[in-house]
Number of protein chains: 2
Amino acid sequence: MTLRIAIDTLGADAGAAVLIDGALDAVAARPDIALNLVGEPESIRRLLSGRSDDHNRHTVTPSPRPLDLTDSLRLTLRGALASSMRSAIESVADGSCDALVSAGSTGALMALSRHLVGRAQGVDRPAIAKRLPTASGRPVWLLDLGANLKAGPEQLHQFAHMGTALAESVTGIATPRVALLNIGSEFHKGPANVRTAAQLLAEDNAIRHVGYVEAHDLFAGSADVIVAEGFAGNVALKASEGAAQMAAHVLREELRRLAPLETAASQEPAERVSAGLRRVFNAYNPQLYNGASLVGLSRVIVKSHGGADREGFAQAVRTAIEEVEMNVPERIAGCLAGRLA
Amino acid sequence: MTLRIAIDTLGADAGAAVLIDGALDAVAARPDIALNLVGEPESIRRLLSGRSDDHNRHTVTPSPRPLDLTDSLRLTLRGALASSMRSAIESVADGSCDALVSAGSTGALMALSRHLVGRAQGVDRPAIAKRLPTASGRPVWLLDLGANLKAGPEQLHQFAHMGTALAESVTGIATPRVALLNIGSEFHKGPANVRTAAQLLAEDNAIRHVGYVEAHDLFAGSADVIVAEGFAGNVALKASEGAAQMAAHVLREELRRLAPLETAASQEPAERVSAGLRRVFNAYNPQLYNGASLVGLSRVIVKSHGGADREGFAQAVRTAIEEVEMNVPERIAGCLAGRLA
């Protein structure tokens with residue numbers, strides 16, 4: 001059975017070609033996966049014909065207008081405003097595609113997906129989740145990253161189930177450790193919604209609750225899932241990315257100071273230094289962790305960073321493929337149904 | 001006139017000696033500053049007598065019991081439980097000291113300070129503020145870091161005034177740029193309290209409001225003051241510290257890989273590499289930025305990280321000295337009074 005992924009090729013900073021090339025890279029070695037490339041048909045066909053790999057399995061859906069950030073959300077939801085994002089979501093909603101990847105506006109993507117694709121059974125509010133590297137080598141899932149600015153204890157409890165399903169199925173962890181993001185590690189600390197959620201998690205046998213995690217331990221590897229309301233989760237993720245970028249900036253400056261090394265008689269030490277620093281950059285390259293999952297919907301929807309490069313977008317497409325193959329939406333519905341039963 | 005700083009010498013992870021030595025380092029070249037060292041008198045006197053610098057100006061207040069994290073806050077506030085923190089705060093409250101530095105519990109420090117020292121005129125809720133390095137070289141003040149988990153628009157507005165006073169007086173910036181922490185840069189984005197606060201700031205001529213800042217731009221240098229409610233501010237700060245620590249960890253691993261360089265015939269490149277990496281570590285050394293200010297109180301109260309080393313604690317003491325010399329509490333009261341007038 002061919003798996004089909006819809007690609008919204010418009011709305012990224014770097015232009016459609018980067019996304020199309022990245023998506024084709026992601027499926028080049030997978031003849032069992034076909035893309036539905038939605039966007040400006042001429043440029044898509046030109047890029048397709050320029051590739052050496054077989055691309056007859058892919059389809060092109062003409063929808064040359066990117067979703068505009070100034071589009072009225074109400075008109076967009078009503079269908080009065082056409083956009084490549086909407087066309088791509090429709091191809092998932094009508095069952096002709098199994099998943100969608102878009103680099104467009106997160107807010108519009110979530111609103112349109114909820115409206116057209118619908119929520120997974122038992123889900124009150126879908127969330128945005130992302131897998132991040134940790135010092136232990138085992139990734140951590142962080143959610144919600146901004147779909148819900150505020151969340152009550154019951155929502156946080158649902159996010160814990162969604163995160164558990166993601167860590168079990170995508171990361172392959174048997175009983176994922178779930179922590180709540182808080183500003184202290186003691187039980188009595190923090191806002192009321194977080195404290196009440198901690199009680200709900202402690203009483204839920206389907207969740208392996210390991211207490212609170214403070215934001216300086218996001219990457220310590222002490223949890224497989226970290227749950228937060230969207231505002232705090234978004235701040236935690238972006239602050240980490242900002243600090244990592246500043247570290248990379250300082251490193252680049254140092255590399256520049258070290259540049260004269262390159263002209264030294266023995267090139268060997270300089271080469272080893274720059275290989276080492278390249279490994280550091282890679283550990284912090286957000287492109288390698290690109291692709292946030294909109295979870296709690298009845299289909300797989302992945303949001304790529306708007307500034308993704310070709311490799312970054314390919315990574316987001318691989319995330320979508322993994323989630324389809326692991327039946328993430330069904331698993332989440334199953335987790336929540338088991339809980340309600 | 002001698003300036004007097006009270007030092008709570010108990011309650012730090014590394015023990016009293018590290019704090020006492022750090023505090024004495026901070027004032028070694030300042031004969032116009034005297035310390036009131038509060039804690040276990042024998043060890044304080046032993047450390048004092050071991051120093052070559054003149055220390056007759058310092059006083060010792062015996063109060064050998066550290067504040068215990070399990071102490072009931074109610075009994076602590078009532079004065080039924082003695083502690084070095086309480087004794088030190090009392091010496092500020094009764095006017096015999098101008099400022100206090102403690103590495104004890106933030107929550108207890110804020111509660112006791114509010115109770116015994118009181119708020120600056122016009123302040124509803126004091127906040128915790130910290131100065132952090134940015135890519136531009138100009139530091140940024142971030143507040144609130146957790147004194148108030150939630151904050152309404154009016155509180156955020158007051159924090160903006162406190163941050164403006166700090167940046168003007170301590171950092172010496174004429175009209176500091178003030179931003180609100182949010183999850184997007186567009187005016188209509190984010191939670192209601194942040195959006196309403198943005199309106200209040202835009203209408204206030206005493207504030208140079210520059211819009212929203214996302215957490216990945218905390219260190220970009222685009223603002224001199226960043227205002228958030230305590231939960232989000234705490235998460236932003238700790239997530240940044242955690243990411244920086246992880247970067248340092250990766251760098252250390254790389255340095256270990258590069259260790260054989262040291263044995264190479266030419267030591268010169270290896271030395272320059274490690275000097276460069278040492279600069280990177282220093283840029284991220286939280287000890288160099290130790291010392292969070294409890295602002296909005298009628299006196300200068302500085303909280304040191306519990307894990308501070310000698311240099312870190314000295315840095316916190318220097319922060320307290322700077323704020324006393326710059327009359328920060330009076331300036332904050334002045335800012336808020338000007339606004340109310």
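A few points on the structure. Keep in mind the model is a prediction, meaning the values are calculated, not measured.

The subject of this paragraph is helix H10 (residues 310-325) of chain B. An α-helical turn contains 3.6 residues, so any two residues separated by three or four positions project in the same direction. Residue and element names in this part refer to chain B. When the terminal C-alpha atoms of H10 are compared, their 23 Å separation across 16 residues agrees well with the 22 Å that a helix rising 1.5 Å per residue should span. Of the positions making up H10, those classed as buried are Gly312, Phe313, Ala314, Gln315, Ala316, Val317, Thr319, Ala320, Ile321, Glu323 and Val324. The backbone nitrogen of Glu311 lies 3.2 Å from a side-chain oxygen of the residue at the head of H10, namely Asp309. After H10 finishes, the residue Asn327 shows a positive phi value of roughly 55°.

With that out of the way, let us pick up the sheet that holds strand S2 (residues 33-39) of chain A. All names here are of chain A. Pairing within the open sheet is mixed, and its eleven strands lie in the order S3-S2-S1-S4-S11-S10-S5-S6-S9-S7-S8. If you trace the sheet from one side to the other, it starts and ends with strand S3 (59-62) and strand S8 (208-213), each paired once. On average, adjacent strands in this sheet sit at an angle of 25° to one another, irrespective of strand direction. The pairing of strand S6 (residues 140-143) with strand S9 (residues 225-227) spans three bridges and is parallel. Paired with Trp141 across the two strands is Val225, which belongs to S9. The strands that helix H4 (residues 84-93) touches are strand S1 (3-8), S2 and strand S4 (99-102); relative to S1, the one it contacts most, it runs at about 165°. Packing of helix H5 (residues 106-116) onto the sheet brings it into contact with S4, strand S5 (127-132), strand S10 (292-295) and strand S11 (300-303), and relative to S11 it is tilted by some 170°.

With that out of the way, let us pick up the side chain of Asp144(B). All names here are of chain B. Counting through the fold element by element, Asp144 comes out in the loop between strand S6 (140-143) and helix H6 (153-169). Here Asp144 sits buried without a salt bridge, and the closest side chain of opposite charge, Arg125, lies 7.0 Å off (N-O distance). Within the structure, the side chain of Asp144 is placed 2.8 Å from the backbone nitrogen of Ile128, a separation counted as a polar contact. There is a polar contact of 3.0 Å between the side chain of Asp144 and the backbone nitrogen of Ala147. When neighbours within four sequence positions are excluded, Asp144 is seen to be in contact with Ala127, Ile128, Phe159, Ala228, Glu229, Gly230, Gly233 and Asn234.

Attention now moves to unusual backbone geometry. Residue and element names in this part refer to chain A. Of note, the amide linkage connecting Leu143 to Asp144 takes the cis form, showing an omega dihedral of 0°. The phi dihedral of Asn327 is positive, around 55°, even though this residue is not glycine. You can call Asn327 partly exposed: its relative accessible area is 41%.

Once that is clear, we can look at the pattern of salt bridges. Inspection of the entire model under this criterion finds 28 salt bridges over all chains. The closest approach of N and O atoms between Arg131(A) and Glu322(A), which form a salt bridge, is 2.9 Å. Taken together, the positions of Arg131(A) in strand S5 and Glu322(A) in helix H10 (residues 310-325) put the pair 191 residues apart, joining distant regions of the chain. Linking Glu241(B) and Lys130(B) is a salt bridge whose minimum nitrogen-to-oxygen distance equals 3.5 Å. With Glu241(B) in helix H8 (residues 230-258) and Lys130(B) in strand S5 (residues 127-132), this pair connects stretches of sequence that are 111 residues apart. A relative accessible area of 9% means that Lys130(B) is categorised as buried. What emerges from the salt-bridge pattern is a single network uniting Asp21(A), Asp25(A), Arg51(A) and Arg310(A).

What follows concerns the packing of helix H4 (residues 84-93) of chain B against helix H5 (residues 106-116) of chain B. All names here are of chain B. Running from N to C, H4 and H5 point in directions that differ by 35°, and their axes come no closer than 10 Å. You can see that H4 and H5 cross each other, and the crossing is right-handed. Seen from H4, the contacting residues are Met85, Arg86, Ile89, Glu90 and Ala93; seen from H5, they are Ala108, Leu109, Leu112, Ser113 and Leu116.

Let us now look at the pairing of S5(A). All names here are of chain A. Most of S5 is tucked away, with six of its six residues classed as buried. Because side chains alternate across S5, one face comprises the buried residues Ala127, Ala129 and Arg131, and the other comprises Ile128, Lys130 and Leu132, equally buried. By the bridge criterion, three bridges tie S5 to S10 in an arrangement that is antiparallel. Along S10, the bridge assignment pairs Ala127 with Val295. In this structure, S5 lies alongside S6, joined through four bridges in antiparallel fashion. Directly across from Arg131, in S6, lies its bridge partner Trp141.

Further remarks concern the environment of Leu116(A). Residue and element names in this part refer to chain A. Assignment of secondary structure puts Leu116 in helix H5. Sequence-wise, Leu116 and Leu181 are 65 residues apart; in three dimensions their C-alpha atoms are separated by 32 Å. Beyond its immediate sequence surroundings of up to four residues, Leu116 is in contact with Arg86, Ile89, Glu90 and Ala93.

Reading the values: rules and limits
Residues numbered from 1 in each chain as written. Chains lettered and ligands numbered in written order. Predicted model: local features only at pLDDT ≥ 70, side-chain atom pairs only at ≥ 80, totals over all residues. Heavy atoms only, no water. Helix = DSSP H or I, 4+ residues; strand = E, 2+ residues; numbered from the N terminus. Expected span 1.5 Å × (residues − 1). Buried < 20%, exposed > 50% of the residue type's maximum accessible area, 1.4 Å probe, protein only. Polar contact = N/O pair within 3.5 Å; in protein donor to acceptor, adjacent residues only side chain to side chain. Pairing = 2+ DSSP bridges. Axes fitted to C-alpha atoms, helices over the stretch in contact; angles between N-to-C directions. Contact = heavy atoms within 4.5 Å. Lys, Arg positive; Asp, Glu negative; His and termini not counted. Salt bridge = Lys/Arg side-chain N within 4 Å of Asp/Glu carboxyl O. Left-handed = near helix turned anticlockwise from the far one by under 90°.

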